[in-house]
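As a plain string of letters, each chain reads:
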Amino acid sequence: MDKIRLSPSRVGDFTNCPALYKFRAIDQLPEAISLDAERGTLLHTILHDLFEAKPTDRNLETAFSLIASRWQNQISAKPELATLVADEKEWIDRISSLLSTYFTLEKPMEFEPTHREIHVEMDLSDDLYLHGYVDRLDIAPTGEVRIVDYKSGKSPKPGWEDKAFFQLRIYALIYWRKHGVIPKLLQLIYLGNAQVIKNLPSDQDLISTEKKLLQIGSEIREAIESDKWPTKPSRLCDWCSFKPICPAHKI
Ligand code: SF4
């Protein structure tokens, strides 16, 4: 039996809507381009490449100078983007504004990231493989580890922060299991509304994350074996590429 490959995104898909998970992960159906996702990709690329510059050059001017070439690379890889982005100036202005916000939240000239866009992975059980890409992982000279994720949207409403940290707890769990060290700090940087939220994970947090992942893995296995993929309509349906073929939305 093939291993189930789980990333934080796929976990989110299954918990939000098993049918969405099936369309995306099992059937691998093509999806419409999401401009929000593409904006996030461009932003992540620029923030990644910003750290190629020497510390004193990691300023807003350098970040702005990266926009045009990284955007052109993105269009070359996905030419449809050129027509989907109707107003290129507005698009670039929005990216510039998000980058300006970034510099109000961090001072990239004052620290050296240890890893950027690092792939982390582990076998959680015999049939469950867990992996993901960490935006940034900083290891202090004292050995303390910080896991950082950039978000181009807005921070969660009060009471929803814990759900937002689930993704970073998965990365922290993998790091802990691989290196025997629990990351000291998880940090979500929301550029959409200039907020940074932080969490100090405990071993109990990561153990309960592991239990939850094993539970989700077993639910996915059951769904595969029974070929039952319930729909879970919610406001996310309005952004779902599969709405036109979704049984929950048949007229
Ligand atoms: S449209 Fe809604 S219910 Fe249907 S697959 Fe997408 S998220 Fe699930």
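Residues numbered from 1 in each chain as written. Predicted model: local features only at pLDDT ≥ 70, side-chain atom pairs only at ≥ 80, totals over all residues. Heavy atoms only, no water.

## Points about the overall build of the protein
As a reminder, the rule being used: We count a stretch as a helix when DSSP gives it H or I for four or more residues in a row; a strand needs E for two or more, and each element gets its number in order from the N terminus. The reference for a compact globule is 2.2 Å times residues^0.38; the radius of gyration itself is calculated from the C-alpha atoms. Note on exposure labels: buried denotes an accessible area under 20% of the residue type's maximum, exposed denotes more than 50%, and partly exposed covers the range between, all computed with a 1.4 Å probe on protein chains only. Note on areas: Shrake-Rupley with a 1.4 Å probe; residue coverage comes only from the protein chains shown.
The secondary structure content of the protein amounts to 9 helices and 6 strands. On C-alpha atoms alone, the protein measures out to a radius of gyration of 19 Å, which is about the 18 Å that the 2.2 N^0.38 rule sets for 251 residues. Per-residue burial over the protein gives 41% buried out of 251 residues. Accessible surface computed for the protein: about 13,800 Å², of which carbon and sulfur atoms make up 52%.

## Focus on empty space enclosed by the protein
To be explicit about the condition: Cavity and pocket criteria rest on a 1 Å grid covering protein atoms alone: a 1.4 Å probe that fits but cannot get out defines a cavity, protein on both sides within 12 Å along at least 5 of 7 lines defines an open pocket, and an atom within 4 Å of a point defines a lining residue. Grid points are joined across faces, edges and corners, and a volume is the space filled by probe spheres set on the points. Each residue is assigned to one class: nonpolar for Ala, Val, Leu, Ile, Met, Phe, Trp, Tyr, Cys and Pro, charged for Asp, Glu, Lys and Arg, and polar for all the others, Gly among them.
Summed over all chains, the structure comprises 1 cavity of 30 Å³ or more. What the largest cavity holds in volume is close to 30 Å³. For the lining of the largest cavity, the secondary structure elements donating two or more residues are α3 (35-50) and β2 (115-125). Here the lining of the largest cavity is built from residues that sort into 1 nonpolar, 2 polar and 3 charged.

## What to know about the site of the ligand
Note the following rule: Residues are counted as near a molecule or strand when any one of their heavy atoms sits within 4 Å of it.
Lining the immediate environment of the ligand, one finds Cys-17, Leu-20, Phe-23, Thr-231, Lys-232, Pro-233, Cys-237, Cys-240, Lys-243, Cys-246 and His-249. Taken together, the residues of the shell around the ligand break down into 7 nonpolar, 2 polar and 2 charged.

## Overview of a positive patch on the surface
Operational definition: Nonpolar side chains (Val, Leu, Ile, Met, Phe, Trp, Tyr) are joined into patches within 5 Å and like charges within 9 Å, using only residues with over 30% relative accessible area and no salt bridge. Salt bridges are defined by distance alone: a side-chain nitrogen of Lys or Arg within 4 Å of a carboxyl oxygen of Asp or Glu. Only four residue types enter the tally: Lys and Arg on the positive side, Asp and Glu on the negative side, with His and both chain ends excluded. Here the site of a charge means NZ on Lys, CZ on Arg, CG on Asp, or CD on Glu.
Side chains of Lys-157, Lys-163, Lys-212, Lys-232 and Arg-235 sit close together on the surface and give a patch of like positive charge. Note on placement: Lys-212 falls in helix α9 (residues 203-226). Taking the relative accessible area as the measure of exposure, Lys-212 reaches 46% and is therefore partly exposed.

## Section: the pattern of salt bridges
Using the criterion set out here, one finds 20 salt bridges in the structure. A network of salt bridges, in which partner residues are shared, links Arg-10, Asp-13, Arg-24 and Glu-31.

## A closer look at the domain arrangement of the protein
Using the following cut-off: These domain boundaries are the output of an automatic or database domain assignment. Here the buried area means the combined drop in accessible surface, using a 1.4 Å probe, for two parts upon being joined, counting both sides. Here a polar contact is recorded for every N or O atom pair within 3.5 Å, except that within protein the pair must consist of a potential hydrogen donor and a potential acceptor, and residues adjacent in sequence are included only if both atoms are side-chain atoms.
Taken domain by domain, the protein comprises domain 1 (35-110) and domain 2 (113-225). For domain 1 versus domain 2, the separation of C-alpha centres amounts to 24 Å. For the domain 1 and domain 2 pair, buried surface summed over both sides reaches about 1,300 Å², with 66% attributable to carbon and sulfur atoms. Of all residues in domain 1, the largest losses of buried area upon contact with domain 2 belong to His-44, Leu-105 and Glu-106, amounting jointly to 38% of the total for that side. The tally of links between domain 1 and domain 2 comes to 2 salt bridges. Along the contact surface separating domain 1 from domain 2 lie 5 residue pairs in polar contact (both at pLDDT 80 or more). Where the side of domain 1 that touches domain 2 is concerned, the elements lending two or more residues are α3 and α6 (88-105). Broken down by element, the residue count for the side of domain 1 that touches domain 2 peaks at 6 residues, all from α3. For the side of domain 1 that touches domain 2, the residue count by class is 6 nonpolar, 4 polar and 5 charged.

## Examining the environment of Pro-244
The residue Pro-244 is located in the segment after α9 in this model. Overall, Pro-244 belongs to the exposed group, its relative accessible area being 72%. Sequence separation between Pro-244 and Trp-91 is 153 residues, and the spatial gap between their C-alpha atoms is 28 Å.

## Section: the layout of surface pockets
Which parts of space are left empty comes out when a probe the size of a water molecule is rolled across the atoms. Estimates place the volume of the second largest pocket at around 230 Å³. Taken together, 13 residues form the lining of the second largest pocket, with Arg-5, Arg-10, Tyr-21, Ala-25 and Gln-28 sitting closest to its centre. Those elements that place two or more of their residues in the lining of the second largest pocket are β1 (4-6) and α2 (18-26). With 4 residues, α2 is the single largest residue contributor to the lining of the second largest pocket.

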